[in-house]
Amino acid sequence: MYVHEYGDKNQPKWLMLHPLGLTGENIYNMCKDYLSWDYCILSPDQGGHGSSGPYISLEDEMNTLTGYLLERGYTDLFVVSASSMGTIAAYEMLKDDRFHIENVWFESGLFKKNAPFVQFAMKRMFFRMLDDFQKDPQSLSERHVKLYGEMYAEVMRDNFLRLTRTDIARISETFSHRKMVSLPEDVQKRIHLDWGDEDILERLSRRDIPRWFPESEVTVRKGYGHCSYMAYHIEEYMAELEQFIHR
């Protein structure tokens, strides 16, 4: 993991964790023009992406991230926002009592203890996608174009070419096997969960949300897939996110 830091360090801290196929710089550039307040934004490249090394393990990712934050005294985080892959590290942050997190926004996460089918499906889909990109580096994934539009599909293709099959296998395993815990009620009330209703991860998580997040705010967006509302409606999306964290 490699952490990018943007803005004045005296402003409220925002930890912004990207999905698979984007980098910390990508997600920051995607959101920055739609922020109404000033923040110090910490936007890491997670393992296998951008300026990071390979994806080794969740433990390795968290050691790097928490070490960076503790070294700089960033123990009070105003907001942690995370999309898809990024929800893995974000959820671990919630369990770390060295940090106080005021607001949490989860986009398109999977919240189950074990989901071996997801691990199998992710590996199969992303291995095939990586093989296609390596054969034709100018090609685009039809799935990515449909979900996110051609511009983001191009960015994701370029980032996928940086990944290895080992990175994908390790990320898929970590994403699909999570140590869920019962969070305190006051923490749950500071969490927002967001999905599209066409996202299989929403359907897989649906039964578990009342158990793990009974007091959290949940939005399911009709007609949208995995992370796709954010891609197509970033201005409206960021306005909703800021409304939540400044409520």
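Provided above is the structure to which this section pertains.
Anyway, here's the lowdown on the structure attached to this text. The written sequence of each chain sets the order in which its residues are numbered from 1. In keeping with the model being predicted, local features are shown solely for residues with a pLDDT of at least 70 and side-chain atom pairs are shown and tallied solely at 80 or more, while totals for entire chains, interfaces and linings include all residues. Processing note: side-chain calculations cover all non-hydrogen atoms of the structure and skip hydrogens and water entirely.

**Section: the overall build of the chain**
In terms of regular secondary structure, the chain is built from 12 helices and seven strands. Only C-alpha atoms enter the radius of gyration; for comparison, a globular chain is expected to reach 2.2 Å times N to the power 0.38, where N is the number of residues. For a compact globule of 247 residues, the expected C-alpha radius of gyration is about 18 Å, and the chain comes in at 17 Å, within 12% of that figure. Looking at the chain as shown, the accessible area adds up to about 11,500 Å², and 47% of this sits on carbon and sulfur atoms. Each charge class in the chain was averaged separately, 29 positive and 39 negative side chains, and the resulting centres sit 7 Å apart. Helix and strand labels come from DSSP, where a helix needs a run of H or I of at least four residues and a strand needs a run of E of at least two; each type is numbered from the N terminus. Only the protein chains shown count as cover for residues, and the accessible areas themselves come from Shrake-Rupley with a 1.4 Å probe. As used throughout, the charge tally considers Lys and Arg to be positive and Asp and Glu to be negative, leaving His and the chain termini uncounted. Here the site of a charge means atom NZ of a Lys, CZ of an Arg, CG of an Asp or CD of a Glu.

**Some thoughts on the pairing of strand E6 (residues 191-196)**
Most of E6 sits inside the fold, with six of its six residues counted as buried. Residues Ile191, Leu193 and Trp195 line one face of E6 and the alternating positions His192, Asp194 and Gly196 line the opposite face, and both faces are buried. Note on pairing: two strands pair once DSSP finds at least 2 bridges between them. Note: strand E5 (residues 100-107) against E6, four bridges, orientation parallel. Note on E6: the bridge partner recorded for Glu107 is Asp194. Where E6 lies against strand E7 (residues 217-221), five bridges are found, and the strand directions are parallel. Bridging across to E7, Trp195 finds its partner in Val220. To sort residues, take the accessible area from a 1.4 Å probe on protein chains only and compare it with the maximum for the residue type: under 20% means buried, over 50% means exposed, and anything in between is partly exposed.

**Examining the state of the cysteines**
The disulfide criterion used throughout: a pair of cysteine sulfur atoms within 2.5 Å. All told, the structure shown has zero disulfides when counted by the stated rule. Left unpaired, Cys31 is separated from the closest cysteine sulfur, that of Cys227, by 11 Å. Since its relative accessible area comes to 3%, Cys31 is described here as buried. Between Cys40, a cysteine without a disulfide, and Cys31, which holds the nearest cysteine sulfur, the sulfur-to-sulfur distance is 15 Å. When its relative accessible area of 0% is taken as the criterion, Cys40 is described as buried.

**Notes on the packing of aromatic side chains**
Only the six-membered ring of Trp is used, alongside the rings of Phe and Tyr, when aromatic pairs are assigned; centres must lie within 6.5 Å, and planes under 30 degrees apart are stacked while those over 60 apart are edge-to-face, with the rest tilted. Inspection of the entire model under this criterion finds 15 aromatic pairs. Ring centres of Tyr91 and Phe213 lie 6.4 Å apart, and the angle between their planes is 70°; this geometry places the pair in the edge-to-face category. Placement of Tyr91 in helix H3 (residues 86-94) and of Phe213 in the loop between helix H10 (209-212) and E7 is noted, with a sequence separation of 122 residues between them. In this structure, Tyr91 and Phe213 share a single accessibility class: buried. Here Phe111 and Trp195 contribute two aromatic rings whose centre-to-centre distance is 6.3 Å and whose plane-to-plane angle is 85°, an arrangement assigned as edge-to-face. You can see Phe111 sitting in the loop between E5 and helix H4 (116-135) and its partner Trp195 sitting in strand E6, a full 84 residues away along the chain. For the pair Phe111 and Trp195, a shared accessibility class is recorded, and that class is buried.

**Quick look at the sheet that holds strand E4 (residues 76-83)**
Spatially, the seven strands line up as an open sheet ordered E1-E3-E2-E4-E5-E6-E7, and their pairing is mixed. The sheet is open, and its two borders are formed by strand E1 (2-6) and E7, each paired with just one other strand. Across this sheet, the average inter-strand angle for adjacent strands is 15°, counted without regard to direction. In this sheet, E4 lies alongside strand E2 (residues 13-17) in parallel orientation, the contact comprising four bridges. A fitted line through C-alpha atoms serves as each axis, taken over the contacting stretch for helices, and the angle formed by two N-to-C directions is quoted from 0 to 180°.

**A closer look at helix H2 (residues 58-71)**
The end-to-end C-alpha distance of H2 is 20 Å, a good match for the 20 Å that 14 residues give at a rise of 1.5 Å each. Every buried residue belonging to H2 is among Glu61, Met62, Leu65, Thr66, Tyr68 and Leu69, and all of these are buried. Buried residues of H2 fall within an arc of 155° about the axis and therefore sit on the same side. Turned more than 90 degrees off the buried face of H2, the exposed positions are Glu59, Asn63 and Glu71. Here a residue-residue contact requires only that any non-hydrogen atoms of the pair lie within 4.5 Å. Contacts made by the buried residues of H2 are with E1, E2, strand E3 (40-45), E4 and H3. Two residues or fewer past H2, Gly73 is found with a positive phi of approximately 75°. Given the number of residues in a helix, its expected span is that number minus one, multiplied by 1.5 Å. Working definition: the arc comes from the directions between the helix axis and the C-beta atoms, pointing outward to the latter.

**A closer look at the pattern of salt bridges**
By definition here, a salt bridge exists when the distance from a side-chain nitrogen of Lys or Arg to a carboxyl oxygen of Asp or Glu is within 4 Å. On inspection of all chains with the given rule, the structure shows 11 salt bridges. Between Arg98 and Asp96 there is a salt bridge; the shortest N-O distance is 2.7 Å. One salt bridge in this structure joins Asp208 and Lys112, with 2.9 Å as the shortest N-O distance. With Asp208 in the loop between helix H9 (200-205) and H10 and Lys112 in the loop between E5 and H4, the pair connects residues that are 96 residues apart, well separated along the chain. Given a relative accessible area of 15%, Asp208 falls into the buried group. Overlapping salt bridges bring together Asp194, Arg221 and Glu240 as one network.

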